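# A structural walkthrough
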Amino acid sequence: MMHDIYYIVSGPMVWISMVLFAAGSLYRVFSMGLLAAKKDHVVISYMNIRYALRSILHWIIPYASISMRRRPVMTAVAFSFHICLILTPIFLLAHVLLIKESWNISWWYLPDRIADAMTLTVIAGCIFFLIRRAIRPEVRYLTDASDYFLLALVAAPFASGFWAAQHWPGYNLALVIHILSGEVLLASIPFTRFSHMLFFPFTRGYMGSEFGGVRKAKDW
Ligand code: HEM
Ligand code: HEM
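Conventions and cut-offs
- Residues numbered from 1 in each chain as written.
- Chains lettered and ligands numbered in written order.
- Predicted model: local features only at pLDDT ≥ 70, side-chain atom pairs only at ≥ 80, totals over all residues.
- Helix = DSSP H or I, 4+ residues; strand = E, 2+ residues; numbered from the N terminus.
- Buried ≥ 20, exposed ≤ 12 C-beta atoms within 10 Å, placed from the backbone.
- Contact = placed C-beta atoms within 7 Å.
- Core = buried A, V, L, I, M, F, W, Y, C linked by C-beta atoms within 7 Å.
- Near = placed C-beta within 6 Å.
- Nonpolar A, V, L, I, M, F, W, Y, C, P; charged D, E, K, R; others polar.
- Axes fitted to C-alpha atoms, helices over the stretch in contact; angles between N-to-C directions.
- Parallel < 35°, antiparallel > 145°, perpendicular 65-115°, else oblique.
- Left-handed = near helix turned anticlockwise from the far one by under 90°.
- Expected span 1.5 Å × (residues − 1).
- Bend = angle between axes of the 7 residues up to and from the residue.

Within the protein chain, the regular secondary structure consists of twelve helices and zero strands. Counting from the amino terminus, helix and strand elements in the protein chain follow one another as α-α-α-α-α-α-α-α-α-α-α-α. Structurally, the protein chain occupies a C-alpha span of about 60 × 40 × 35 Å along its principal axes. Within the protein chain, the fraction of its 220 residues that count as buried is 18%. For the protein chain, the share of sequence-separated contacts (at least 6 apart) that also reach a separation of at least 24 residues comes to 64%.

Right under this line is the structure:
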């Protein structure tokens, strides 16, 4: 039984989740571009590659903007959360080995102790966002159940992956939960609020272009 489930989640479902992620991302970005081109010529004509890149660069550097310096703790957590969220699965030894077995390509990997620490950083980030959503009135006002659900969805592959990596009791179950939740997370990126990953360069680029090219001002 467990063996069959493992076979399904670690085989065909890996492909399904990757295809949903890739095709869904292309679809979302293309349909955004089409909509912008059709409905609102202003958006496209404002776009200025120099101001767009200048703004994107400013907003991916920690503490480069005034609003980040105004919220130093949130900024520290948000940056360490995102860096660990993206780098840990790509450079995790267990993942690199699985990819090498399947496709015979491989790359540099993180020492296990560092990967563990980065995994815990992501989980701690989720707990921080959770508490912030619950106690800050201005954030709470904008929060509904789906925000909590999405936070749990991010934490799930990290918590279950950590559990499996420590070889704690229930290893097989933890591994199945890990792979399944990782697949659901990956596939959900284009279709949920996680699509901010896809739209970030465009929203930031647009703001930078409008502020730089039209208002002759900075947007940070
Ligand atoms: C899609 C298929 C996936 C497979 C087949 C897979 C497989 C694995 C395996 C075999 C382990 C190691 C368990 C052990 O040491 O015995 C692991 C650990 C881990 N995986 Fe995945 N994984 C997948 C997706 C993901 C995703 C999408 C994420 C994050 C977004 C993720 C994050 C992690 C983390 C954080 C660990 C543990 C790190 C540590 O504390 O050492 N995995 N995974
Ligand atoms: C490189 C791509 C990404 C960029 C540039 C980005 C950027 C951001 C920014 C600017 C924020 C707001 C932080 C603040 O208010 O100071 C944020 C929040 C967040 N992002 Fe991302 N993000 C990316 C990828 C992702 C991915 C792939 C996921 C999950 C799969 C994710 C999950 C989250 C979560 C959970 C929050 C906090 C939500 C909350 O407050 O409850 N991000 N991101």
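As a further point, take the nonpolar core. Cys-84, Ala-115, Met-118, Val-122, Cys-126, Phe-129, Val-154, Ala-155, Phe-158, Ala-159 and Leu-185 form the largest nonpolar core, which has eleven residues in total. Only α8 (112–135) and α10 (145–165) provide two or more residues apiece to this core. In terms of residue count, the dominant contributor to this core is α8 (five residues). If we ignore the near neighbours within four places in the chain, the residues touching Ala-115 are Thr-88, Leu-92 and Leu-110. Residues Val-9, Ala-164, Leu-175 and Ile-179 belong to the second largest nonpolar core, which totals five residues.

Moving on, we come to the site of ligand 2. Looking at ligand 2, there are 15 residues lining it, with Ala-78, Phe-129, Phe-194, Met-197 and Phe-200 nearest. Taken together, the elements giving at least two residues each to the shell around ligand 2 come down to α6 (72–91), α8, α10 and α12 (196–214). Examining the composition of the shell around ligand 2, we find that four residues originate from one element, α6, more than from any other. Grouping the constituent residues of the shell around ligand 2 by class yields eleven nonpolar, two polar and two charged.

In the contact formed by α6 and α8, the axes pass within 8 Å of each other and the chain directions differ by 130°. Here α6 is positioned oblique relative to α8, judged by the angle of their axes. Where α6 crosses over α8, the two elements pack in a sense that is left-handed. Contact with α6, carried on its side by Val-77, Ser-80, Phe-81, Cys-84, Leu-85, Leu-87 and Thr-88, involves Ala-115, Met-118, Thr-119, Thr-121, Val-122, Gly-125 and Phe-128 of α8 and no other residues of that element.

With that settled, consider the site of ligand 1. Inspection of the region around ligand 1 gives 24 residues, with Ala-94, Thr-119, Gly-161, Ala-165 and Gly-182 positioned closest. Broken down by secondary-structure element, the contributors of at least two residues to the shell around ligand 1 are α6, α7 (93–103), α8, α10 and α11 (171–188).

With that settled, the discussion passes to the packing of α10 against α11. The interhelical angle for the contact between α10 and α11, taken along N-to-C directions, is 150°, at an axis separation of 8 Å. Looking at the two axes, α10 sits roughly antiparallel to α11. Crossing angle aside, the handedness with which α10 passes α11 is left-handed. Along its contact with α10, which presents Leu-153, Val-154, Ala-156, Pro-157, Ser-160, Gly-161, Trp-163 and Ala-164, the element α11 presents Tyr-171, Ala-174, Leu-175, Ile-177, His-178, Ser-181, Gly-182, Val-184, Leu-185 and Ser-188. The class makeup of the residues in the contact of α10 with α11 is twelve nonpolar, six polar and no charged.

With 21 residues, α10 ought to run about 30 Å at 1.5 Å a step, and its terminal C-alpha atoms sit 30 Å apart, in line with that. Along α10, the sharpest kink reaches roughly 30°, centred on Ala-155 and followed within four residues by the proline Pro-157. Buried within α10 we find Val-154, Ala-155, Pro-157, Phe-158, Ala-159, Ser-160, Gly-161 and Ala-164. Where the residues of α10 are buried, they touch α8 and α11.

Notably, Tyr-63 is not glycine yet its phi reads approximately 65°, a positive angle. Summarising the element assignment, Tyr-63 is placed in the loop between α4 (49–60) and α5 (66–70). You will see that His-167, though not glycine, has its phi angle at about 55°, which is positive. Summarising the element assignment, His-167 is placed in the loop between α10 and α11. With 9 C-beta atoms counted inside 10 Å, the residue His-167 sits in the exposed group.

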